[in-house]
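Residues per chain are reported as follows:
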Amino acid sequence: MDPFVVISFGKKVFRTRIIRHSLNPVWDEKLLFHVREYESAFKVQLTVLDWDKLSSNDHVGDASFMVSELLADAPQPDPVTGLYDDDADGKHPMKEFQLPLSTGKEMPWEAKHAPAITFRYVVFIVLMLSIHDRVVDT
Ligand SMILES: [Ca+2]
């Protein structure tokens, strides 16, 4: 199989590279989602496909999760100051998440292997504040 993954979130669609001839692919690709308030109720859909040079790609399996499941891990502001700690800068370690891949029942390989897809993620808040010196013409 020559798998790749299509990841969709709202109207955004991402696609990993194809890994040739692998049943245990590791993509190690980074994806950055900007989640707006109204998007926190959205689902992230992962579709694994088997690339095919000659015909159309074959469907391998699907997995999905609610983005709110990950947002539950978002750093919380200090209740008094409303500010975030230094560890809210996205440098803290990634968490791992594994999802079973739901596959077509008629597919003999999938029925035997119960494949799962694993990803790591980190949720962070980007706050950019600055105070500028104004350039004043004198
Ligand atoms: Ca193929």
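Before going into details, it helps to say that this report is about the structure given with it. (Residues numbered from 1 in each chain as written. Predicted model: local features only at pLDDT ≥ 70, side-chain atom pairs only at ≥ 80, totals over all residues.)

## Description of the overall build of the chain
Spelled out, the test is: Going along the chain from the N terminus, every DSSP run of H or I of four or more residues is numbered as a helix, and every run of E of two or more is numbered as a strand. Think of it as a crowd count around each C-beta: if 20 or more other C-beta atoms lie within 10 Å the residue is buried, if 12 or fewer it is exposed, and in between it is partly exposed, with C-beta placed from the backbone throughout. By definition, residues are in contact whenever their C-beta atoms, placed on the basis of the backbone, come within 7 Å of each other.
When helices and strands are tallied, the chain shows two helices and six strands. Each helix and strand of the chain, placed in order from N terminus to C terminus, yields the pattern β-β-β-β-α-β-α-β. Counting over 138 residues, the chain shows a buried share of 7%. Taking the contacts inside the chain whose residues are at least 6 apart along the sequence as the reference set, 52% of them involve residues at least 24 apart.

## Observations regarding the nonpolar core
How we decide: Put simply, a nonpolar core is buried Ala, Val, Leu, Ile, Met, Phe, Trp, Tyr and Cys residues tied into one set by C-beta atoms within 7 Å.
Of all hydrophobic cores here, the largest spans seven residues; its members are Val5, Val44, Leu46, Val48, Leu49, Val60 and Ala63. Listed by contribution, the elements that provide at least two residues to this core are strand E3 (43-50) and strand E4 (58-66). Apart from residues lying up to four places away in sequence, Val44 is in contact with Ile7, Phe9, Ser64, Phe65 and Val67.

## What about the pairing of E3?
Going by this rule: One requirement defines pairing of two strands: DSSP has to find at least two bridges between them.
Pairing analysis gives seven bridges linking strand E1 (residues 3-9) to E3, with the strands arranged antiparallel. For Phe9, the partnering residue across the bridge sits in E3 and is Val44.

## Re the environment of Glu39
By the secondary structure assignment, Glu39 is in the loop between strand E2 (12-15) and E3. Here Glu39 falls in the partly exposed class, since 16 other C-beta atoms lie within 10 Å of it. Put simply, Glu39 and Phe9 are 30 residues apart on the chain and 8.7 Å apart in space, counted from C-alpha to C-alpha. Other than its neighbours up to four places away in sequence, Glu39 contacts Gly10 and Val67.

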